[in-house]
Amino acid sequence: MKVTVSRKAHFNAAHRLFRPDWSDEKNAQVFGKCSNPNYHGHNYELIVSVTGEIDPETGFVIDMKDLKELIKTEVDEPFDHKNLNEEVPEFKNLNPTAENIAVVIFDKLRPHITSAHELSVTLYETPRNFVSYSG
Ligand code: NI
């Protein structure tokens, strides 16, 4: 019997979507407002879900205190109130789209979750636009 537990988190961050090998015109055409050369912010909402068997001893799939602490260390501290392009090394050469941010977050969390558990991350860039990644 597998059960999924989820934790919501939140961070604010600035980004700019662009390719340095494209003209400003083409970047604006493809990435729209998110290509503003002076950056802009989003209120990102993150949902981290862990699926696995219930531990008969604790009744937990995963201790939520541990999951909360993991998200704080791996996502909140490195990303919150940061310029993703300039301050987060993973995006030095990677366009910080919601898709790529979700994959980076997954890759940061995955080594800390036991392999017996499935992991999934859903990232909202706006209340209406969100992406999911499960490896
Ligand atoms: Ni944007």
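Residues numbered from 1 in each chain as written. Predicted model: local features only at pLDDT ≥ 70, side-chain atom pairs only at ≥ 80, totals over all residues. Heavy atoms only, no water.

Examining the layout of surface pockets
To find leftover empty space, a probe the size of one water molecule is rolled over the atoms. Under the convention used in this document: Note on definitions: the grid is 1 Å and covers protein atoms alone; a cavity is a set of points where a 1.4 Å probe fits but cannot get out; a pocket is an open set with protein on both sides within 12 Å along at least five of seven lines; lining residues have an atom within 4 Å of a point. Grid points are joined across faces, edges and corners, and a volume is the space filled by probe spheres set on the points. What counts as a helix is a DSSP run of H or I of at least four residues, what counts as a strand is a run of E of at least two, and both are numbered from the N terminus. In the scheme used here, Gly and all other residues not listed as nonpolar or charged are polar, with Ala, Val, Leu, Ile, Met, Phe, Trp, Tyr, Cys and Pro taken as nonpolar and Asp, Glu, Lys and Arg as charged.
When its volume is computed, the largest pocket comes out at roughly 340 Å³. If you go around the largest pocket, you meet 16 residues; those closest to its centre are Phe18, Phe91, Lys92, Asn93 and Leu94. For the lining of the largest pocket, the leading source of residues is helix H3 (residues 84–87), giving 3 residues. When its residues are assigned to classes, the lining of the largest pocket shows 9 nonpolar, 3 polar and 4 charged.

A word on the coordination of the nickel ion
What counts is decided by this rule: Each metal's donors comprise the N, O and S atoms found within 2.8 Å of it (within 3.2 Å for Na, K or Ca). Water is not part of the atom list, so some coordination spheres may appear incomplete. Only two sets of limits are used to name each site, 85 to 135 degrees for every angle of a tetrahedral four-donor site, and over 155 degrees for opposite donors with all other angles from 65 to 115 for a square planar four-donor or octahedral six-donor site, with any other site named irregular. Whether a residue is buried, partly exposed or exposed follows from its accessible area with a 1.4 Å probe, protein chains only, as a fraction of its type maximum: under 20%, in between, or over 50%, in that order.
At the metal site, the nickel ion is ligated by His15 (NE2), Cys34 (SG), His40 (NE2) and His42 (NE2), and these contacts range over 2.0 to 2.1 Å. Here the nickel ion is ringed by 4 donor atoms whose angles at the metal span 94 to 127°, and the overall shape comes out tetrahedral. Read in sequence order, the donor residues coordinating the nickel ion give the pattern H-x18-C-x5-H-x1-H. On the criterion of sequence distance, the pair formed by His15 in strand S1 (residues 2–15) and Cys34 in the loop between helix H1 (24–31) and strand S2 (40–53) is long-range, its members being 19 residues apart. Here His15 and Cys34 have matching classes, each one buried.

On their own, these measurements won't tell you what the molecule is for.
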